[in-house]
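Chain residues, written in single-letter form:
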Amino acid sequence: MKLGVHAIFGGSFNPPHFGHLDTISAAAREFGLSKVNLLLAPQPPHKEIKYASLEQRMEMLALACGDYPLCNPDFTETHLPSPCYTVNTLRYLRSIHTNKSLVFFLGSDSLINIHTWYDWQQLLNYAHLVVLPRPQHNGPLLPKTADWIKTVEQTDKNMLKQYKNGCLFFAETPLWDVSSTQI
């Protein structure tokens, strides 16, 4: 039985750029998704937001998604208690999307540091993770992270629509050598 999918890609989007939008659009096509919600993080716990206000980032994200039919701006975290840890947001989204597969996209740079995320080992209790390649972010993983990946990694993309959560996939999207920091 195939499940409906609620897919999200989180970020501060300061600013959003084609590296985000082209990559997530390619990933949506690769995994057969009709839409990915770009989940704006109002104040990520791991970094300071400079230059643009939350309202400006919301407006930029809405405008940027206008040219990408597979991308939808999502401001859910602006209504959740701060700090918005990913695991708490996924728990909240799971409570809403009870009968869907929940998919969370993250960059390989985030995977390398996932062991620093709050309650990271609980993420798969709520969603599948899809790792997007990032240029120059394919460094070594900690042994505990590498061991964890071995137990949850899947290559059969059909599993994403057969189970609600619990799997980790690696996407094969093009690499874009651009970042919000560079912009």
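In the block above lies the structure referred to throughout.
Residues numbered from 1 in each chain as written. Predicted model: local features only at pLDDT ≥ 70, side-chain atom pairs only at ≥ 80, totals over all residues. Heavy atoms only, no water.

Here we look at helix H3 (residues 86-96)
Among all positions of H3, only Val87, Thr89, Leu90, Leu93 and Arg94 are buried. One face of H3 carries all of its buried residues, which in axial projection span an arc of 160°. On its buried side, H3 packs onto strand S1 (4-11), strand S2 (36-40) and strand S4 (100-107). (Buried < 20%, exposed > 50% of the residue type's maximum accessible area, 1.4 Å probe, protein only. Helix = DSSP H or I, 4+ residues; strand = E, 2+ residues; numbered from the N terminus. Arc of directions from axis to C-beta. Contact = heavy atoms within 4.5 Å.)

Observations regarding the sheet that holds S2
Sheet strands associate in pairs through backbone hydrogen bonding, adopting either a parallel or an antiparallel arrangement. The strand order across the open sheet built from 6 strands is S3-S2-S1-S4-S5-S6, with neighbouring strands paired in parallel fashion. A strand with exactly one partner marks an edge of an open sheet, and here the two such strands are strand S3 (71-74) and strand S6 (168-170). With strand direction ignored, the average angle separating the axes of adjacent strands in the sheet is 30°. Summarising the sheet, S1 and S4 pair through 6 bridges and their orientation is parallel. By the bridge assignment, histidine 6 is partnered in S4 with leucine 102. Sheet strands touched by helix H1 (residues 18-30): S1, S2, S3, S4, strand S5 (128-132) and S6. Its angle to S2, the strand with the most contacts, is close to 145°. Where H3 meets the sheet, its contacts fall on S1, S2 and S4, and the angle it forms with S4 comes to roughly 160°. (Pairing = 2+ DSSP bridges. Axes fitted to C-alpha atoms, helices over the stretch in contact; angles between N-to-C directions.)

With respect to the pattern of salt bridges
Considering all chains together, one arrives at 2 salt bridges under this definition. A salt bridge links glutamate 30 to lysine 157; its shortest N-O distance comes to 2.9 Å. A residue pair is termed long-range when its members are at least 10 positions apart, and glutamate 30 in helix H1 and lysine 157 in the loop between helix H5 (143-152) and helix H6 (159-162) qualify at 127 residues. Relative accessible area serves as the criterion here: at 22%, glutamate 30 is assigned to the partly exposed category. The partner of aspartate 109 in a salt bridge is arginine 134, and the shortest N-O contact between them spans 2.9 Å. On the criterion of sequence distance, the pair formed by aspartate 109 in helix H4 (residues 108-112) and arginine 134 in the loop between S5 and H5 is long-range, its members being 25 residues apart. (Salt bridge = Lys/Arg side-chain N within 4 Å of Asp/Glu carboxyl O.)

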